[in-house]
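A look at the structure
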Amino acid sequence: MPIYVQAGLWGLLSGAALVIGAALAWFVRMPARAIAAITAFGAGVLISALSFDLMDQAQQRGGFLPTAAGFLGGAVVYTLANVALAHYGARHRKRSGSQQAEEGGSGLAIAVGALLDGIPESVVIGVSLLSGGGVSLVAVAAVFLSNLPEGLASAAGMRAAGRSAAYVFGVWIGIALLSGLAALLGNLFMAGAGAGAIAFVTAIAAGAILAMLADTMIPEAFETAHNYAGLITVLGFLTAFVLTKMGG
């Protein structure tokens, strides 16, 4: 099986967690504190993964300058895109409460915003296969574990805002498919690229992910879990840290 097809399938697997999370939110009445706790855990997982499995490896592979430039560039691009989408009602797309309904956001803006959040993670999975040692299972596990609360919290907010089941599952199934496509294209287009270029792209994704965490997932977790959000985030961080060390 071609490497780029494998990348696409791994990306699809990690994206499927969004659909699972949405299904849990739609069919199971979960307490707001449980959703916040899962979101905090997922945020900790991603913080650890981007620190040890993305930034550290990017720096070792391509050096400090392309890694630092990509990291800052990813955060800037994500922030600018997020600010633009916020004007169209996608500011609270990952909130599980009534914020989406109160904001009256555009369904298209919310869908595009959710896609913006997921693409960097998927590209990382595709690029990780270029090392020749197989996919980074830590990256896949981290994205899967973080996608679950993303789909859960956002779908709960969509339901509270009165979105239909067709809309909610259409959005998340579509994003899961596009996650697979992003991983495939990331692998395909970066094949043969130099170490500096791969480090730059990996760091772009890491910067975008960290900006997303600070803008969306962490506020959602803290608003409900309050003083326990930090401890749960640390547990998520520790889980991904152990996976990284076991994988290494």
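Residues numbered from 1 in each chain as written. Predicted model: local features only at pLDDT ≥ 70, side-chain atom pairs only at ≥ 80, totals over all residues. Heavy atoms only, no water.

Each helix and strand counted, the chain has nine helices and zero strands in total. Walking the chain from its N terminus toward its C terminus, one meets helices and strands in the order α-α-α-α-α-α-α-α-α. Counting across all 248 residues of the chain, residues that qualify as buried make up 48%. Element-wise, carbon and sulfur atoms account for 72% of the exposed surface of the chain, whose accessible area totals about 10,600 Å². (Helix = DSSP H or I, 4+ residues; strand = E, 2+ residues; numbered from the N terminus. Buried < 20%, exposed > 50% of the residue type's maximum accessible area, 1.4 Å probe, protein only. Areas by Shrake-Rupley, 256 points an atom, 1.4 Å probe, with all protein chains shown as cover.)

Moving on, we get to the packing of helix H1 (residues 3-27) against helix H7 (residues 165-190). Orientation of H1 relative to H7, taken along the N-to-C sense of each, is 160°, at an axis distance of 7 Å. Considered as vectors, H1 and H7 are oriented roughly antiparallel to each other. For the crossing formed where H1 meets H7, the hand is right-handed. Tallied by class, the residues present in the contact of H1 with H7 amount to 23 nonpolar, six polar and no charged. (Axes fitted to C-alpha atoms, helices over the stretch in contact; angles between N-to-C directions. Parallel < 35°, antiparallel > 145°, perpendicular 65-115°, else oblique. Left-handed = near helix turned anticlockwise from the far one by under 90°. Nonpolar A, V, L, I, M, F, W, Y, C, P; charged D, E, K, R; others polar.)

All right, on to the UniProt feature "transmembrane region" (unreviewed entry) in the chain then. The residues that UniProt annotates with the feature "transmembrane region" (unreviewed entry) are residues 7-28, 34-52, 64-88, 123-145, 166-185, 191-213 and 225-243. Secondary structure across residues 166-185 comprises 100% helix and 0% strand; the distance between its end C-alpha atoms is 28 Å. (UniProt positions renumbered as here; feature names shortened; annotations may be inferred.)

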